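# Observations on the three-dimensional arrangement
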Amino acid sequence: NAGVTQTPKFQVLKTGQSMTLQCAQDMNHNSMYWYRQDPGMGLRLIYYSASEGTTDKGEVPNGYNVSRLNKREFSLRLESAAPSQTSVYFCASSEGFREQFFGPGTRLTVL
Amino acid sequence: QQQVKQSPQSLIVQKGGISIINCAYENTAFDYFPWYQQFPGKGPALLIAIRPDVSEKKEGRFTISFNKSAKQFSLHIMDSQPGDSATYFCAARELTGGGNKLTFGTGTQLKVEL
């Protein structure tokens, strides 16, 4: 089992460009999450999906959109990237209220 | 507003020593308090967790102490080893309709020196 996988691992964008971060899990988990990690800020929840077909905003949703494509996949889209979105993005999944398992992260730089 | 406050920001401990990281929270709706360990270039991984009806939980060299009245909890790493060098995050869980939302502390970078 690969657990939680994320693509790409690294990405550099110019201001105003768009991109989609991909996340997939093979643990048959119902819930999936997107976090961003910034120095001195810890991890902050962007969006989450409690189950297939549902999505909800987290602490810092502005500038992002998400799609729960199916039970396995949860994507994060930046429509018009800004330098403030330079960060490391982590996807996680859990079986309901249980432990969250994290992917290896995507390091995004917006110039 | 930081709902989970973590200190210190960084910590250097000698091999064999005790590492202590502290966290405090305000939201009484939190019902579960995990600690995550993160190595450079990796995602966080669950280390140990505690529920608020328990004052202490021990797993090997790792112990969580929990003070519900003070709304504080801490991680103790006994006999710290160089392999424990990592960033540690405390977190607090709030249940939602179907999922669980974690609020993280700002992290503590631990270095264990020989």
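Everything that follows concerns the structure shown earlier in this document.
Residues numbered from 1 in each chain as written. Chains lettered and ligands numbered in written order. Predicted model: local features only at pLDDT ≥ 70, side-chain atom pairs only at ≥ 80, totals over all residues. Heavy atoms only, no water.

### Notes on the interface of chain A and chain B
Here is the rule: Two residues form a contact once any of their heavy atoms are found within 4.5 Å. Buried area is a sum: the accessible area each of two parts loses on coming together, probed at 1.4 Å, counted once for each and added. Two N or O atoms form a polar contact when they lie within 3.5 Å of each other; inside protein one atom must be a possible hydrogen donor and the other a possible acceptor, and for residues adjacent in sequence the pair counts only when both atoms belong to side chains. Residue polarity follows a fixed list, in which Ala, Val, Leu, Ile, Met, Phe, Trp, Tyr, Cys and Pro are nonpolar, Asp, Glu, Lys and Arg are charged, and the others, Gly among them, are polar.
Contacts between the two partners involve 22 residues from chain A and, on the opposite side, 20 residues from chain B. In this assembly, chain A packs against chain B so that about 1700 Å² is buried in total across both faces, 55% of it on carbon and sulfur atoms. Its largest share of buried area at the contact with chain B, chain A owes to Leu43, Phe97 and Phe102 of chain A, together 32% of the area lost on that side. In this assembly, chain A and chain B are joined by eight residue pairs in polar contact (both at pLDDT 80 or more). Residues of the side of chain A that touches chain B, tallied by class, amount to eleven nonpolar, eight polar and three charged.

### Comments concerning the side chain of Arg36 of chain A
Just so we agree on the cut-off: Strands here mean DSSP runs of E at least two residues long; helices mean DSSP runs of H or I at least four residues long; both are numbered from the N terminus.
Its place among the elements puts Arg36 of chain A in strand E4 (residues 31–38). Those residues in contact with Arg36 of chain A, other than ones at most four positions away along the chain, are Gly42, Leu43, Arg44, Ile46, Val60, Tyr64, Ser84, Gln85, Thr86, Ser87, Val88 and Tyr89 of chain A.

### Brief notes about the side chain of Ser49 of chain A
All names here are of chain A. Summarising the element assignment, Ser49 is placed in strand E5 (residues 42–49). Engagement of the side chain of Ser49 in a polar contact is seen with the backbone oxygen of Ser51, the distance being 3.0 Å. At a separation of 2.7 Å, a polar atom in the side chain of Ser49 contacts the side chain of Arg68. Each residue touching Ser49, except ones within four places of it in the same chain, is listed here: Asn30, Ser31, Met32, Thr54, Thr55, Arg68 and Phe74.

### Side note on the packing of aromatic side chains
So the rule is basically this: Under the pairing criterion, centres of Phe, Tyr and Trp rings, with the six-membered ring standing for Trp, must be within 6.5 Å; the plane angle then separates stacked pairs below 30 degrees from edge-to-face pairs above 60, leaving the rest tilted. Burial classification: accessible surface area is computed with a 1.4 Å probe over protein chains only, and a residue below 20% of its type maximum counts as buried, one above 50% as exposed, and the rest as partly exposed.
By the definition in use, this model includes 18 aromatic pairs over all chains. Summarising the aromatic geometry, the rings of Tyr25 of chain B and Phe33 of chain B are spaced 4.8 Å apart at their centres and angled 40° between planes, so their arrangement reads as tilted. On the accessibility criterion, Tyr25 of chain B (5% relative accessible area) is buried. For the ring pair Phe30 of chain B and Phe33 of chain B, a centre distance of 6.5 Å and an interplane angle of 85° mean the geometry is edge-to-face. Members of the aromatic cluster, each reached through a chain of ring pairs, are Tyr33, Tyr35, Tyr48 and Phe102 of chain A together with Tyr36, Phe89 and Phe104 of chain B.

### What about the sheet that holds strand E1 (residues 4–7) of chain B?
Residues and elements named next belong to chain B. We apply this condition: Two strands pair under a simple rule: DSSP has to find at least two bridges between them. Geometry is summarised by axes, namely lines fitted to C-alpha atoms with helices restricted to the contacting stretch, and by angles between N-to-C directions that run from 0 to 180 degrees.
Strand order in the open sheet made by the five strands is E1-E3-E8-E7-E6, with antiparallel pairing throughout. Among the strands making up the open sheet, the edge pair consists of E1 and strand E6 (56–59). Neighbouring strand axes in the sheet, compared pairwise and without regard to direction, differ in orientation by 15° on average. In this structure, E6 lies alongside strand E7 (residues 62–67), joined through four bridges in antiparallel fashion. Its bridge partner being in E7, Lys57 is matched across the sheet by Ile64.

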